[in-house]
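Structure at a glance
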Amino acid sequence: MKLLVTGGAGFIGSNFIRHVLETHPEDRVVNLDTLTYAGNLENVRDVEGDPRYRFVHGDVGDPRLVREAMGGVDAVVHLAAESHVDRANLAAGEFLRTNVGGTGTLLDAARELRIARFVQVSTDEVYGSMAAGAARESDPLNPSNPYSASKAAADLLARAYWITHRLPVVVTRGANTFGPYQYPEKVIPLFVTNALENRPLPLYGDGRQVRDWLYVLDHCAAIDLVLRHGGDGEIYNIGGGTGIENRELTRRILRLLGKPESLIQPVTDRPGHDRRYALDASKLRALGWAPRHSFEQALETTVGWYRTHEAWWRPLRSGLFTQYYDRQYTNR
Ligand code: NAD
Ligand code: DAU
């Protein structure tokens, strides 16, 4: 199969490309990525010499380039997005342009080129905060921040291309993902790298918010399964089933690093902070997926990876990152 992967220089995209090349030797991958602050060719350095892999530098909102990159492919796995909630809360423009507009451009090209499968990588955030229970695919969407609203728009747009045009779309709604190569603005890599530098860990509000943690390799295996075996027009939740409070997550990170809890710094809460996410992933399990990594083991592996890959994250925590960090966290 020949795939177009968008956002393949990002966190999940780079792990997904590696997963595909390792598990499907016959596959070929085109990676279309515009290399925003979160896109990093170091994430795919190990595959750049592989004859089955090609990188195209460009924007998913550029119709000409998108048609060119999509030429001759069997399927599109669309991951490119502005992905950080706190940045969307600072300014939403790029989120609308890329997450909604870019998805529309890709869908139009896929329709014109009669692409046989379009995987829209969506998020559990589209359901909004879950007071109790676990979200099912048939639940109404209730996004509550500008990032999740932009992802919900893209999710619905992709489904609309199935309903209206019979473009064979499948939607995945993944939970909070963690692992190697995650840009150090998201809570796990941020807290690990802050702790390694003996800097405070800014825990929002009371720290009792719950996320459903999913290891990146389990997320990639799920997207891959849905790509090949998902039903046209279907939606699949991808949940790790590990709901823990942020304050407990933070303590575990500190324990793994042998650092004191005094590094935890409670700060003003994120505006509109969703209290709890939880997914019912039984539909995907019925298709044959189950997470293969326990949360405890995967967290330890991840913390160990950041500890041994300072050369990867150190350059990312300077320049523009410092400006963002100061704006986001100073006087909070
Ligand atoms: P990321 O921020 O690490 O990577 C995003 C990638 O998209 C980057 O390489 C960036 O350069 C690229 N990109 C951004 N705008 C682009 C544009 N206009 N054209 C081309 N490329 C562009 O994000 P991630 O965490 O890897 O998330 C990937 C996808 O998975 C996103 O769609 C996100 O909404 C979704 N998702 C993420 C999580 C999570 O916890 N990280 C969970 C569920 C779903
Ligand atoms: O649930 C899926 C979503 O998970 C994805 O769609 C998003 O792309 C991804 O960024 C992630 O969103 P979250 O907002 O849940 O992740 P983040 O790592 O930003 O925050 C996780 C939790 O930690 C959340 O409750 C906020 C809290 N937090 C985060 C940061 C950055 C803090 O307490 N302090 C922080 O500094």
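Before reading on, note that the structure itself is shown above.
Presented here is a report on the structure given in the accompanying data block.

So, how was this worked out
Residues numbered from 1 in each chain as written. Chains lettered and ligands numbered in written order. Predicted model: local features only at pLDDT ≥ 70, side-chain atom pairs only at ≥ 80, totals over all residues. Heavy atoms only, no water. Pairing = 2+ DSSP bridges. Helix = DSSP H or I, 4+ residues; strand = E, 2+ residues; numbered from the N terminus. Near = heavy atom within 4 Å. Polar contact = N/O pair within 3.5 Å; in protein donor to acceptor, adjacent residues only side chain to side chain. Areas by Shrake-Rupley, 256 points an atom, 1.4 Å probe, with all protein chains shown as cover. Nonpolar A, V, L, I, M, F, W, Y, C, P; charged D, E, K, R; others polar. Contact = heavy atoms within 4.5 Å. Axes fitted to C-alpha atoms, helices over the stretch in contact; angles between N-to-C directions. Buried < 20%, exposed > 50% of the residue type's maximum accessible area, 1.4 Å probe, protein only. Arc of directions from axis to C-beta. Core = buried A, V, L, I, M, F, W, Y, C linked by side-chain atoms within 4.5 Å. Parallel < 35°, antiparallel > 145°, perpendicular 65-115°, else oblique. Left-handed = near helix turned anticlockwise from the far one by under 90°.

1. Some points on the sheet that holds strand β7 (residues 177-178)
Reading across from one edge, β7-β9-β11 is the order of the three strands in this open sheet, with mixed pairing throughout. In this open sheet, the two strands that pair with only one neighbour each are β7 and β11 (242-245). Bridge count between β7 and strand β9 (residues 210-215): two bridges; the pairing is parallel. If you follow F178 over to β9, its bridge partner there is Y215.

2. Some words on the site of ligand 1
What surrounds ligand 1 is a group of 29 residues, the closest being I12, D33, S83, Y147 and K151. With respect to ligand 1, the backbone of G10 contributes an N or O atom lying 3.0 Å from an oxygen atom. Expressed as a share of its isolated accessible area of 830 Å², the protein-covered part of ligand 1 is 96%. Within the residue set of the shell around ligand 1, elements represented by two or more residues are α1 (11-23), β5 (117-123) and α5 (146-165). At three residues, the largest contribution of residues to the shell around ligand 1 is made by β5. Taken together, the residues of the shell around ligand 1 break down into twelve nonpolar, 14 polar and three charged.

3. Thoughts on the side chain of H84
Examined against the element boundaries, H84 turns out to sit in the loop between β4 (75-78) and α3 (85-90). Here the side chain of H84 touches Y324 through a polar contact of 3.2 Å, side chain to side chain. Residue contacts for H84: discarding those within four places in its chain leaves Y37, F95, E185, K186, R270 and Y324.

4. Quick notes on the sheet that holds strand β1 (residues 2-6)
Taken in spatial order, the seven strands make up an open sheet running β3-β2-β1-β4-β5-β6-β10, and their pairing is parallel. Whereas interior strands pair on both sides, the edge strands pair on one side only; in this sheet they are β3 (53-57) and β10 (235-238). Averaged over all neighbouring strand pairs, the angle between strand axes comes to 20 degrees, with direction disregarded. Summarising the sheet, strand β2 (residues 28-33) and β3 pair through five bridges and their orientation is parallel. Bridge pairing in β3 links N31 to F55. Across the sheet, helix α2 (residues 63-70) touches β1, β2, β3 and β4, and the angle it forms with β2 is around 170 degrees.

5. Things to note about α2
Three or more residues of α2 are buried, namely L65, V66, A69 and M70. When α2 is viewed along its axis, its buried side chains cluster within an angular range of 125 degrees and face the same direction. Of the exposed residues in α2, the ones pointing more than 90 degrees away from its buried face are R64 and E68. The inward-facing, buried residues of α2 abut β1, β2, β3, β4 and α4 (93-112). A distance of 3.2 Å separates the backbone nitrogen of R64 from a side-chain oxygen at the start of α2, and that oxygen is part of D62. Just beyond α2, the residue with positive phi is G72, at close to 80 degrees.

6. Remarks on the nonpolar core
Residues F16, V77 and I223 are the most contacted members of the largest nonpolar core, which totals 38 residues. The leading source of residues in this core is helix α7 (residues 216-229), at seven residues. Setting aside its immediate chain neighbours within four residues, V77 contacts L4, V5, T6, F16, V119, V121, I223 and L227. With 32 residues, the next largest nonpolar core counts Y204, I244, I253 and F321 among its residues.

7. A few points about the pairing of β4
On β4, burial covers both faces: A75 and V77 on one face and V76 and H78 on the other are all buried. Of the pairings in the sheet, the one linking β1 to β4 comprises four bridges and is parallel in character. Bridge pairing in β4 places V5 opposite V77. Where β4 and β5 come together, four bridges link them in parallel fashion. Bridge pairing in β5 links H78 to Q120.

8. A few points about the site of ligand 2
As a structural note, the neighbourhood of ligand 2 is formed by 25 residues, with D124, Y147, N176, R270 and Y329 the closest of them. Interatomic distance of 2.9 Å between a side-chain N/O atom of N246 and an oxygen atom of ligand 2. One of the side-chain N or O atoms of H273 is found 2.7 Å from an oxygen atom in ligand 2. For the shell around ligand 2, the secondary-structure elements that each account for two or more residues are α3, α6 (187-196) and β8 (201-204).

9. Some thoughts on the packing of helix α8 (residues 246-257) against helix α10 (residues 295-308)
Between α8 and α10, the shortest axis-to-axis distance is 10 Å and the interhelical angle comes to 55 degrees. Taken as axis vectors, α8 and α10 run oblique relative to one another. Crossing angle aside, the handedness with which α8 passes α10 is right-handed. Residues L249, R252, I253, L256 and L257 of α8 lie in contact with α10, whose contacting residues are F295, E296, L299, E300, V303 and R307. The class makeup of the residues in the contact of α8 with α10 is seven nonpolar, no polar and four charged.

Shape descriptors only; they carry no functional weight alone.
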